[in-house]
Amino acid sequence: LSSRASTILHALDIRSDSELAGVYDGEWTGSGEILESVCPTTGEVLARVKSATPAEVERALERSREAYKVFRTVPAPKRGEILRQIREALAAKRDDLGALVSLEMGKIRTEGEGEVQEFVDIVDYAVGLSRMMNGRVVASERPGHSILEVPNPLGVVAVLSAFNFPVAVYGWNLALSLAAGNATLWKPAPSTPLCSIAVTKIVSSVLEKNGVPGAVAGLVTGGKVVGEAVVGSSDVDMVSFTGSEAIGREVGKVVQSRFGKVLLELGGNNAAIVMPDADLNMAIPAVFFGAVGTAGQRCTSTRRLYLHSSIVQKFLSRLESLYQSVRPGDPLDRSTLLGPLHTRAAVGIYHDAVDHLLKTGAEILTGGAPYTDLPAPLNGGNFVRPTIAIPQEVNVKDPVWSTETFAPVLKVGVFDELEQAIEWNNGVPQGLSSSLWTRDIRNVGKWIGPVGSDAGIVNVNVGTSGAEIGAAFGGNKSTGWGRESGGDAWKQYVRWSACTLNFSDEAPLAQGVQFSN
Ligand code: UN1
């Protein structure tokens, strides 16, 4: 193993000289198919992980259920105290875990660390929540009666997370699920097993110290078969899935058909709209980060840019020079802004997208090809040039505009009226994030109101990506309508009971119904 990799793995107590156990259900096991963790920057195999067999998935599900039965009786503020310790344990490993995210996923250092920070933040939030997951008392129409809406723990929550946020998105779910008194079973993306093992080690050591069953935060690594077993299991009360629209559609159907709860976080195809009065000194760097940050691999990445006709030239020439200043490099190196795509397959997807743009007559302003001349060891990585393309026309029904390409390809369209740009913003199947740049309050009112953006995230003078944890995160339409992280998202992680209590000596029926003569 390169010293670059071994230092990081060592700091997180991950031994990569032998095959690693990829299943945790209170004990570390795993005897299934081998998953290779491949560094996207160099192509180096970082570790080989033994994923879950069907029998191991079964056992993990059983243990999760048992763990839930114990954990649901722990008072919520006590669960909050455990969360507080998890927060401390994560914060202590922030740099090492952030580096592992960069090593295994490929995002740059500050973003890898930011991802761990996002986990820390949501755990902080959940600590507070543990004393605030309140139900309510409803006025009853009957004398001597009272109605309570009571939140109780839900059961087992399965989290199927994506490669692009291999730590934070699990964190969003784990934090709320723990506060709510559930057991959580994590099925991470098969290409980021090390992140999930490192996180599970940190979390389980805190659980153990507190005498809580480890299966409260279980892990089953694996591919499609493991995912299907988890999603299809009636032992799982809620499935929280992050990934593509195509797979999300299947997950949704399977969980719905067994009447489970499902929370979907699917494709984003996010637009930024820039008005003539916008502060371009703010808007241009924000679009640059939104489109090129994380090498375009956030579900919130900016994929469509709608510019007012009066500022097109100015905007694009400045954006283009930012694009041209960016150099690919090792994401672990603090000066790098552009890391690799996560997989070889993603390079193919990038190629296909650029091909399709060219075939349909788009102008490629900059980029359009992978890097071919990088020095070793970066020549083993999946580096592509961030691309700006101007399609011939804006036709939101065309795949050029209507599909999410998980790579740094930004498409530009030109408008004259805000109404037109909003129509384009809303005209695609997805509805995750959106961003308007303006200083005119009338535009803001339009944008955030009933005739405005139909996305779940509607920003003003803030880019499409990089949301804080405080508000609920999620998207509408084919993004799946799920909400995670802050706001009222926790309400999905509990089961609600409406309890009507009668303290009187009579038993009247509601609505004045009489059933005696
Ligand atoms: C994702 O890309 O799946 O808003 C999540 C953001 C991050 C989370 C992205 N806080 O970009």
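Residues numbered from 1 in each chain as written. Predicted model: local features only at pLDDT ≥ 70, side-chain atom pairs only at ≥ 80, totals over all residues.

Digging into helix α5 (residues 109-129)
Over its 21 residues, α5 extends 30 Å from the first C-alpha to the last, a length consistent with the 30 Å expected when each residue adds 1.5 Å. Within α5, 15 of the 21 residues are buried, leaving the element largely enclosed by the surrounding structure. (Helix = DSSP H or I, 4+ residues; strand = E, 2+ residues; numbered from the N terminus. Expected span 1.5 Å × (residues − 1). Buried ≥ 20, exposed ≤ 12 C-beta atoms within 10 Å, placed from the backbone.)

A few points about the UniProt feature "domain: Aldehyde dehydrogenase" (unreviewed entry) in the protein chain
Mapped onto the present numbering, the UniProt feature "domain: Aldehyde dehydrogenase" (unreviewed entry) falls on residues 32-496. End C-alpha atoms of residues 32-496 are separated by 38 Å, and the span's content is 39% helix alongside 20% strand. (UniProt positions renumbered as here; feature names shortened; annotations may be inferred.)

A closer look at the nonpolar core
The nonpolar side chains of soluble globular proteins are, as a tendency, buried together. Val123, Ala126, Val167, Ala175, Ala179 and Val239 are the most contacted members of the largest nonpolar core, which has 96 residues in total. Residue contributions to this core peak at 10 residues, all from helix α6 (residues 168-180). In this structure Val123 touches Leu83, Ile86, Arg87, Leu90, Gly171 and Ala175, once residues within four positions along its chain are discounted. Listed in part, the 52 residues of the second largest apolar core include Ala295, Ala362, Ile390 and Leu436. (Core = buried A, V, L, I, M, F, W, Y, C linked by C-beta atoms within 7 Å. Contact = placed C-beta atoms within 7 Å.)

Regarding the packing of helix α3 (residues 76-92) against α6
Following both chains from N to C, one finds α3 and α6 inclined at 145 degrees, their axes separated by 8 Å at the closest point. Seen from α3, the contacting residues are Ala76, Arg79, Gly80 and Leu83; seen from α6, they are Ala175, Leu178 and Ala179. Tallied by class, residues from the contact of α3 with α6 come to 5 nonpolar, 1 polar and 1 charged. (Axes fitted to C-alpha atoms, helices over the stretch in contact; angles between N-to-C directions. Nonpolar A, V, L, I, M, F, W, Y, C, P; charged D, E, K, R; others polar.)

Observations concerning the sheet that holds strand β7 (residues 145-153)
Reading across from one edge, β6-β7-β24 is the order of the 3 strands in this open sheet, with antiparallel pairing throughout. With one partner strand each, in any of the chains shown, β6 (136-138) and β24 (494-502) form the two edges of the open sheet. Ignoring which end each strand starts from, the neighbouring axes of this sheet average 25 degrees apart. Of the pairings in the sheet, the one linking β7 to β24 comprises 9 bridges and is antiparallel in character. Opposite Val150, over in β24, you have Ser497 as the bridge partner. (Pairing = 2+ DSSP bridges.)

As for the sheet that holds strand β9 (residues 183-187)
Here we have 7 strands laid out as an open sheet, ordered β3-β2-β10-β9-β8-β11-β12, and mixed in their pairing. The two strands at the open ends of the sheet, each matched to only one other strand, are β3 (28-29) and β12 (261-265). Helix-sheet contacts for helix α2 (residues 54-71) involve β2 (23-24), β3, β8 (156-160), β9 and β10 (217-220), and the interaxial angle to β9 is about 155 degrees.

Concerning the pairing of strand β20 (residues 457-460)
Alternating residues of β20 divide into Ile457 and Asn459, all buried, and Val458 and Val460, none buried. Sheet topology places strand β19 (residues 433-437) next to β20; 4 bridges connect them, and they run parallel. Residue pairing across strands places Leu436 opposite Val460, the latter belonging to β20. Note on the crossover from β19 through helix α15 (residues 441-448) to β20: the handedness is right-handed. (Right-handed = clockwise from strand over helix to strand, strands pointing away.)

A closer look at the UniProt feature "active site" (unreviewed entry) in the protein chain
Residues annotated by UniProt as "active site" (unreviewed entry) correspond here to Glu265. Among the structural elements, Glu265 can be located in strand β12. Among all residues touching Glu265, those that are not within four sequence positions of it are Phe241, Thr242, Gly474, Gly480, Gly482 and Glu484.

Side note on the environment of Ser234
Mapped onto the fold, Ser234 is located in the loop between α8 (224-232) and β11 (238-242). Judged by local crowding, Ser234 falls into the exposed class, with 9 C-beta atoms found within 10 Å. With 24 residues separating them in the primary sequence, Ser234 and Arg258 have C-alpha atoms 7.0 Å apart.

As for the packing of α3 against helix α7 (residues 193-209)
Any two packed helices are characterised by the angle at which their axes cross and by the distance between the axes. The N-to-C vectors of α3 and α7 enclose an angle of 140 degrees; their axes lie 9 Å apart at closest approach. If you check the angle between α3 and α7, you find them oblique. Between α3 and α7 lies a crossing of right-handed hand. Facing α3, whose interface residues are Ile82, Gln85, Ile86, Ala89 and Leu90, α7 presents Ile202, Val203, Ser205, Val206 and Leu207. (Parallel < 35°, antiparallel > 145°, perpendicular 65-115°, else oblique. Left-handed = near helix turned anticlockwise from the far one by under 90°.)

Re unusual backbone geometry
A cis amide bond links Ala376 with the next residue in sequence, Pro377, at an omega value of 0 degrees. Even without being a glycine, Ser485 presents a positive backbone phi close to 70 degrees. As for its position among the elements, Ser485 is in strand β23 (residues 484-485).

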